[in-house]
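Residue-level structure breakdown
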Amino acid sequence: MTSESVPPVDAASGADVAALAKVVARQRAELERLRDATATAAVLERAKGALMATAGCTPDAAEAELTRRAESGGRSLLEECWLALGVLGPTPTQVTASQVTASQVAAPQVPTSPLAASQSAPSQKTGSQTGVPRTGAAQADAVRNPPAQTDPAQTDPARTTPDAQASTPQASPTRTASPTRSTTPAPPPSPPPPPPTHADAPRKLPAGPLPGPDAVRAGDLADVLGQLGRDLVRVRSAGELAGCLLTHLAPETGADTVMLYERLSEGGAELLGYAGVEATVAAQWQRMPPLSGVAPLDVLRTGEPRWLEDRDQDRERCPLIGDPPERWGSRAWLPVPVDGPAPVALGVLRHRNGVFTARERELLRAVARLCAGRLRAFDLPVQRVGEEEPGTVQAVLDALPGAAILLTPLRGPSGAVEDYRITAASPGAVDVFGRTGREMVGAHILESYPSVAGEPLWDGYLRALTRKVPFESEPFAYQDEVGGVPLFATYSVRAAPLADGLLVTWSRHEPEEVQEQRLADVQRLGNLGWATWNLVTGEIAWSPQAYGILGLDPARGPLPLERLPDLAVERDAGALGQAIGELVHRARPFDAPFRIEAPEGVRHLRIVAEAVTEPDGTPADVHGFVQDLTAQRSAELALVESERAMLLQRGILHAERALAARLQDALLPLPSKPVTLAGLRVEVAYLPAQSGIHVGGDWFSTVQLPDEAALFVVGDVAGHGIGAVATMAQLRFTTKGMVSTGSSLTGALARLNTLLLHSPDGRSTATMVLARYEPATGVLSWAQAGHPPPLLLRGERVHYLGRPHGMLLGATADPVYESARVRLESGDRLLLFTDGLMERPREGIDAGFSRLAEAVRAQGRVGEALLESLLATMLADERRDDVCVVDIRMPETP
């Protein structure tokens, strides 16, 4: 939007406006004089009431006494009234000069505070403390404003904790607070919450020494002001404002306390809000009398900041009450400009001593300007300047659509722009408080739009104002609140210089633009493009994405609908042409896949289209989209190839398992019932790891030897499949042949170890336990090669036989094998087993051995199907290995 010239105002109209401005100025001056007179009269009447209550005199006598005291003490009548009300404390010589005794009128002590004072006074009790009854205005004031309770520790000068120029005071009377703005501590605004401000919840500070002034570099100045401006939108009182300021200034300047004082018409100051200080101290310094040497009062009078950075020097310039001051080492008091002379002083107090750096001073000045708008938004009167400005611009803006405002810069003493006043506003303009159009006239930018502080938009305003060139911002997101719900919208702002001000317009990006962007995003993410063909006019429109998918140059334009089959490969052209013909002649929609040749190879596409018909059913317009499915189709083809390979591999594995199962059945037949060997009852069980397929390396052998002895063998070959079955068969038959021909158990193990070492692969290993039973002597001789020992149940005792030395088969070329002997007794039960019987996932080997022994002991020695029951108990959970068990039982003797 461009600025338009404003018609000139005629001389007669300008003279009338100037005359009206003078009248308004005289009326305002008279109004201020009347306000001062009214405030002074109110203070005089309250002081007369207090004197009447204590001395029992008439109103005229009380006024005469106050006048005499003021003249004898060299004070003004207003100062003497403050003394009578207990806000100021007289010096001892002044008390002597009074005709009213101390028992009649108690002159309270000057309260010590976190603020500067010009004099001190001896500690005296107020009338409320001595029990003197109060009537009239003083009594009513006491009912409305009871004095704060004073901590005994605070009345002791040795224990005071002063602020900028005074120590902690006794309670002093306070004036009645306004219903809309009362002095309150900083409640926790959300977000961010301010530090606690009550005595029972002091603000926590980091442990260790505080950083020096030069170390305070928490963030960029613009960022800090921008975040503070956004948070100020949510504050609703001076107390919340103080808490919000402390939250942001503590990490940036090391601030420990923030206080806000308002100038009173009678010359003093009243506390508006505070944060970081106890409620008792705030109550004692609710109101300050008009004294010289008090920093916030000096700031309110002069409009210049005060930097109190050294306690010793500050004591010389402004005598401090309390010796020594121990609480605030450095203080800053700054004026808050709110339409004219500063009516509010901002105090930032720190525990540590030291100067405020240049960056900290710049930040505090900017913060003082920033919070001026928020204070005005509470209940301070907003100066309306619309009636003082020519109405021509407002009349023009009233007729303009959209949002536009005319800004007049507000400059500080140095000439820098501190804020802008809204001089005129169009009906479409709205601020954060919901004010629109003329309702915004007289408000300030930092009040109406506080979040622009420190933002690029604020810098753009300054450039447009100083360089006299228009400024146009980039689109930016701004948060609105509708019904308490935050909503984000995108805006563009333009500021054009107009006379000494700025004409600012802004536009919100309409939802249609957002929808177009979303449509473009959908096309990009879905790899598709739209197209339309008007069958009546011949007009054709394609999206840029459609050209890329079909591999066409946009400069050559789109293709007619009937020429689309020319792009397809020969095998797909016929079906695509037929579908298009049905659409054009019979309005039949279609969804057809087709392929095209591209430089990178064949591209798989899909086209979906439908027709918009005339009332008689004749197709008039065709719209649809084309989509690139090459990546999806390639993934589908890869998946099909993978499934084919998986099916082939599954068939090979199934054939191999079937062969291994047949081999195992032939090489390791399982007896269907228990057998008797050398007078022993023998039962055998074998369970493969994969149910139904006996393909594993666990094996057994129970053989009747030629000399009537019995041979029992249990082995475990590493691995599964055809290779494990072949190794198992080799070990099984070799062991049987060697022992049957007279080899000892240890000798057989040594030869089997040599056999595995010289196998074709040379990597096979196996464990084995061999046992030879002599029925004539009842002695069982046994040896092992890295295998679990046999488990013996005798009576009620279960134990594992002590293992003789023996190395894993196939592990080393020089193994040592030893044998052991045990005599079997009547009723004994002996188990030879592989490790699959007692090993479990996530369980130690010792726990498995203990679990097996306990299961065997619980079963006992007598009963049928003992082995089946034992397997059911031990293999109830998941197993990952084959299981082979040989259960040997010695018959009971009568």
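Everything numeric in this text was worked out from a predicted model, so none of it was measured.

The next subject is the overall build of the protein. The number of helices and strands found in the protein is 24 helices and 29 strands. Put simply, the protein has 894 residues, and 46% of those count as buried. Look at the contacts in the protein between residues 6 or more apart in sequence, and 62% of them connect residues 24 or more apart. Looking at the protein as shown, the accessible area adds up to about 43,300 Å², and 55% of this sits on carbon and sulfur atoms.

In this section: the side chain of Arg-603. Within the secondary structure, Arg-603 is located in strand S17 (residues 601-613). Given the relative accessible area of 11%, Arg-603 is considered buried. Polar side-chain contacts of Arg-603 include one of 2.5 Å to the side chain of Glu-600. Beyond its immediate chain neighbours, meaning those up to four positions away, Arg-603 contacts Gly-548, Ile-549, Leu-550, Gly-551, Phe-594, Arg-595, Ile-596, Ala-598, Asp-628 and Thr-630.

Another point: the packing of aromatic side chains. Tallied over the entire structure, the rule returns seven aromatic pairs. Plain terms: the ring middles of Trp-307 and Phe-356 are 5.6 Å apart, the flat faces sit at 55° to each other, and that makes the pair tilted. Taken together, the residues span a long stretch of sequence, with Trp-307 in strand S5 (residues 306-308) and Phe-356 in the loop between strand S7 (344-350) and helix H13 (358-378) at a distance of 49 residues. For Trp-307, a relative accessible area of 13% puts it in the buried group. Put simply, the rings of Tyr-420, Trp-458 and Tyr-461 pair up and form one aromatic cluster. Sitting over the ring of Phe-356, Arg-350 keeps its end group 3.8 Å from the ring centre.

With that out of the way, let us pick up the sheet that holds strand S27 (residues 819-823). Taken in spatial order, the five strands line up as S21-S22-S23-S24-S27 in an open sheet, and their pairing is antiparallel. The sheet terminates laterally at strand S21 (698-704) and S27, the two strands that pair on one side only. Neighbour to neighbour, the strand axes of the sheet diverge by 15° on average, direction disregarded. In the sheet, strand S22 (residues 710-717) pairs with strand S23 (residues 766-774) via eight bridges, with the strands oriented antiparallel. Each bridged residue has a counterpart across the sheet, and for Val-713 the counterpart in S23 is Leu-770. Against the sheet, helix H21 (residues 722-740) engages S21, S22 and S23, with an angle of about 20° to S21. Contacts from helix H22 (residues 745-757) reach S22, S23, strand S24 (779-785) and S27 within the one sheet, and its direction differs from that of S24 by about 25°.

Adjacent strands of a sheet pair through backbone hydrogen bonds, lying either parallel or antiparallel. Taken in spatial order, the six strands line up as S19-S20-S29-S28-S25-S26 in an open sheet, and their pairing is antiparallel. The sheet terminates laterally at strand S19 (675-677) and strand S26 (797-800), the two strands that pair on one side only. With strand direction ignored, the average angle separating the axes of adjacent strands in the sheet is 25°. In this structure, strand S25 (residues 791-794) lies alongside S26, joined through four bridges in antiparallel fashion. Within S26, the position partnered with Arg-794 by the bridge is Arg-797.

Here the structure, examined in full by the defined rule, presents 25 salt bridges. For Arg-438, the salt bridge is made with Asp-398, and the minimal N-O distance between the two is 2.6 Å. Of this pair, Arg-438 sits in the loop between strand S9 (417-425) and helix H15 (445-448) while Asp-398 sits in helix H14 (residues 392-398), placing them 40 residues apart in sequence. In this structure Arg-438 comes out as exposed when scored by relative accessible area, which is 54%.

By secondary structure assignment, the location of Arg-732 is in helix H21. Through-space distance from the C-alpha of Arg-732 to that of Gly-715 is 8.4 Å; in sequence the pair is 17 residues apart. When near neighbours in sequence (up to four residues on either side) are disregarded, Arg-732 contacts Leu-667, Leu-668, Trp-699, Phe-700 and Ser-701.

Our focus in this paragraph is the pairing of S7. Counting buried residues along S7, seven of its seven residues qualify, which places the element largely inside the surrounding structure. Alternating positions in S7 separate into two faces, Val-344, Leu-346, Val-348 and Arg-350 on one and Ala-345, Gly-347 and Leu-349 on the other, with burial throughout. Pairing of strand S2 (residues 257-263) with S7 involves six bridges; the strand directions are antiparallel. Residue pairing in the sheet places Thr-257 in a bridge with Leu-349 of S7. Pairing of strand S6 (residues 330-336) with S7 involves seven bridges; the strand directions are antiparallel. Of the residues in S7, the one forming a bridge with Val-336 is Val-344.

A rise of 1.5 Å per residue sets the reference length of H21, with its 19 residues, at 27 Å; its end C-alpha atoms lie 27 Å apart and thus fit the reference within 8%. Immediately beyond the C-terminal end of H21, within one or two residues, lies Gly-742, with a positive phi of roughly 105°.

This paragraph deals with the environment of Pro-337. Tracing the chain through its elements places Pro-337 in the loop between S6 and S7. Residues Pro-337 and Leu-410 lie 73 residues apart in sequence; the distance between their C-alpha atoms is 9.8 Å.

Attention now goes to helix H2 (residues 59-73). With 15 residues, H2 ought to run about 21 Å at 1.5 Å a step, and its terminal C-alpha atoms sit 21 Å apart, in line with that. Every buried residue of H2 is accounted for by Ala-62, Glu-65, Leu-66, Arg-69 and Ala-70. Angular distribution of buried residues about the axis of H2 spans 135°; they occupy a single face of the element. Opposite the packed face of H2, turned more than 90 degrees from it, sit the exposed residues Asp-60 and Glu-71. Directly beyond the C-terminal end of H2, a positive phi value near 70° is found at Gly-74.

Summarising the model, the protein shows a mean pLDDT of 74, and 71% of its residues fall at 70 or more. Between the elements of the protein, mean pLDDT differs from a low of 33, seen in helix H6 (residues 136-144), to a high of 96, seen in S24. Within the model, pLDDT remains below 50 along residues 1-14, and this stretch shows 13 contacts once partners closer than five positions in the same chain are excluded. Here residues 87-182 scores under 50 on pLDDT; set against residues more than four positions off or in separate chains, the count is 222 contacts.

Rules and cut-offs
Residues numbered from 1 in each chain as written. Predicted model: local features only at pLDDT ≥ 70, side-chain atom pairs only at ≥ 80, totals over all residues. Heavy atoms only, no water. Helix = DSSP H or I, 4+ residues; strand = E, 2+ residues; numbered from the N terminus. Buried < 20%, exposed > 50% of the residue type's maximum accessible area, 1.4 Å probe, protein only. Contact = heavy atoms within 4.5 Å. Areas by Shrake-Rupley, 256 points an atom, 1.4 Å probe, with all protein chains shown as cover. Polar contact = N/O pair within 3.5 Å; in protein donor to acceptor, adjacent residues only side chain to side chain. Phe/Tyr/Trp six-rings, centres within 6.5 Å; stacked < 30°, edge-to-face > 60°. Lys NZ or Arg CZ within 6 Å of the ring centre and 35° of its normal. Pairing = 2+ DSSP bridges. Axes fitted to C-alpha atoms, helices over the stretch in contact; angles between N-to-C directions. Salt bridge = Lys/Arg side-chain N within 4 Å of Asp/Glu carboxyl O. Expected span 1.5 Å × (residues − 1). Arc of directions from axis to C-beta. pLDDT = per-residue confidence, 0-100.

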